[in-house]
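Spelled out, the chains give:
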Amino acid sequence: MTSMPGSAGPTGAVTPPPSEPARRVARFTRAERRVHRATAALTLLCVVTAAALYVPQLAELVGRRHLVVTVHEWAGILLPAPFLLGLASPAFRADLRRLNRFGPHDRTWLRAVRRRDRRRGSRPAGKFNAGQKLYASWIAGAVLVMLATGLLMWFTHLTPLVWRTSATFVHDWLALAIGLVLAGHIRMALADPEARRGMRTGSVERPWAEREHPLWLDDEPKGGRAERSQGGPDAG
């Protein structure tokens, strides 16, 4: 070790190497993220316009009821469009197949949730856990029912009065149920920043994936395109 002029001591101290950047796992492609964003935007538009139609205080504040009705109708009609366009993406279709498969590990996950068991390894999950699969199935069915009942309410001259009355009843109460389920979905997303980051940027940290979706990583190629350094370019 040597001393520099004017220094009080030797300068041979070794600088510790920078820590290795966290590895990230590719979770969603750009097409999948666009489908999610477009669907979320249309759903939010449906919810906001529905509230403006059915809550008297909001109806008075917004006004222009005919315009609100028109926006609500077309937002509902267009709601399946992002999903249908997303079918052109192989990654989107692959994730749909994952969501449609319910295996023994999903039953284990549900039992652990029912017992409020949060021990590591007690909730095995693939790319999507059992709760996400149930949510996706329920919301897909609810959208189809809302679309069907909305069309019956829109084209009043095509159906008898009893059909329209029944459709209105189902549409209104199912809309309330959807609002509650979406509130729960948003609450859980807010409680998991890394899950939100995965939907926003397309990748998640490997430790999070190992903790929350360990069976998914077993299916991913080791060191392949699924991983990249934290400072790498993002698919945006």
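Analysis parameters
- By convention here, each chain's residues receive numbers from 1 onward along its written sequence.
- This being a predicted model, a pLDDT of at least 70 is required before a residue's local features are given, and a value of 80 or more before pairs of side-chain atoms are given or counted; all residues contribute to the totals for chains, interfaces and linings.
- To obtain the side-chain values, all non-hydrogen atoms of the structure were included, while hydrogens and water were left out.
- For every residue, the predictor reports its confidence as pLDDT, a number between 0 and 100.
- Helical segments are the DSSP runs of H or I of at least four residues, strand segments are the runs of E of at least two, and each set is numbered from the N terminus.
- Residues count as neighbours in contact if any of their non-hydrogen atoms are within 4.5 Å of one another.
- In this analysis, axes come from line fits to C-alpha atoms, helices being fitted only over the stretch in contact, and the angle between any two N-to-C directions falls in the range 0 to 180 degrees.
- Angles are sorted into four bins: roughly parallel if under 35 degrees, roughly antiparallel if over 145, roughly perpendicular if 65 to 115, and oblique for all others.
- Any residue outside Ala, Val, Leu, Ile, Met, Phe, Trp, Tyr, Cys, Pro, Asp, Glu, Lys and Arg is labelled polar, Gly included; the first ten of those are nonpolar and the last four are charged.
- Remark: exposure states derive from per-residue accessible area (1.4 Å probe, protein chains only) relative to the maximum for the residue type, with buried under 20%, exposed over 50%, and partly exposed in between.
- Note that the arc is defined by the directions from the helix axis to the C-beta atoms.
- What counts as a ring pair is set by centres within 6.5 Å for rings of Phe, Tyr and Trp (its six-membered ring), and what kind of pair is set by the plane angle: stacked under 30 degrees, edge-to-face over 60, tilted for all other angles.

**Considerations on the confidence of the model for the chain**
Turning to step 1, where the next piece is worked out: Scored by pLDDT, the chain comes out at a mean of 84, with 83% of its residues at no less than 70.
Turning to step 2, where the next piece is worked out: Mean pLDDT across the secondary structure elements of the chain bottoms out at strand S3 (residues 227-229), with 45, and peaks at helix H4 (residues 81-86), with 96.
Turning to step 3, where the next piece is worked out: Note that pLDDT drops below 50 for residues 223-236; the model gives that stretch 33 contacts with residues more than four away or on any other chain.

**Points about the packing of helix H6 (residues 104-114) against helix H7 (residues 130-154)**
Turning to step 1, where the next piece is worked out: With their axes 8 Å apart at the nearest point, H6 and H7 run at an angle of 100 degrees to one another. One element, H6, and the other, H7, form an angle in the roughly perpendicular class. On H7, the residues that touch His-105, Asp-106, Trp-109 and Leu-110 of H6 are Ala-130, Gly-131, Lys-133 and Leu-134.
Turning to step 2, where the next piece is worked out: Considering only residue class, the contact of H6 with H7 consists of four nonpolar, two polar and two charged.

**Things to note about helix H5 (residues 90-100)**
Turning to step 1, where the next piece is worked out: Burial in H5 covers these residues: Phe-92, Ala-94, Asp-95 and Leu-99. For H5, the angular spread of buried residues about the axis comes to 160 degrees, placing them on one side. Exposed residues on H5 whose side chains face more than 90 degrees from its buried face are Pro-90 and Asn-100.
Turning to step 2, where the next piece is worked out: Contacts made by the buried residues of H5 are with helix H1 (30-54), H4 and H7.

**Overview of the packing of aromatic side chains**
Turning to step 1, where the next piece is worked out: For the structure on display, the rule yields five aromatic pairs.
Turning to step 2, where the next piece is worked out: Geometrically, the ring pair formed by Trp-154 and Phe-155 is stacked, given 5.2 Å between the ring centres and 20 degrees between the ring planes.
Turning to step 3, where the next piece is worked out: For Trp-154, a relative accessible area of 27% puts it in the partly exposed group.
Turning to step 4, where the next piece is worked out: On the basis of relative accessibility, which here comes to 35%, the residue Phe-155 falls in the partly exposed class.
Turning to step 5, where the next piece is worked out: Consider the rings of Phe-169 and Trp-173, whose centres lie 6.5 Å apart with planes at 50 degrees: the pair is tilted.

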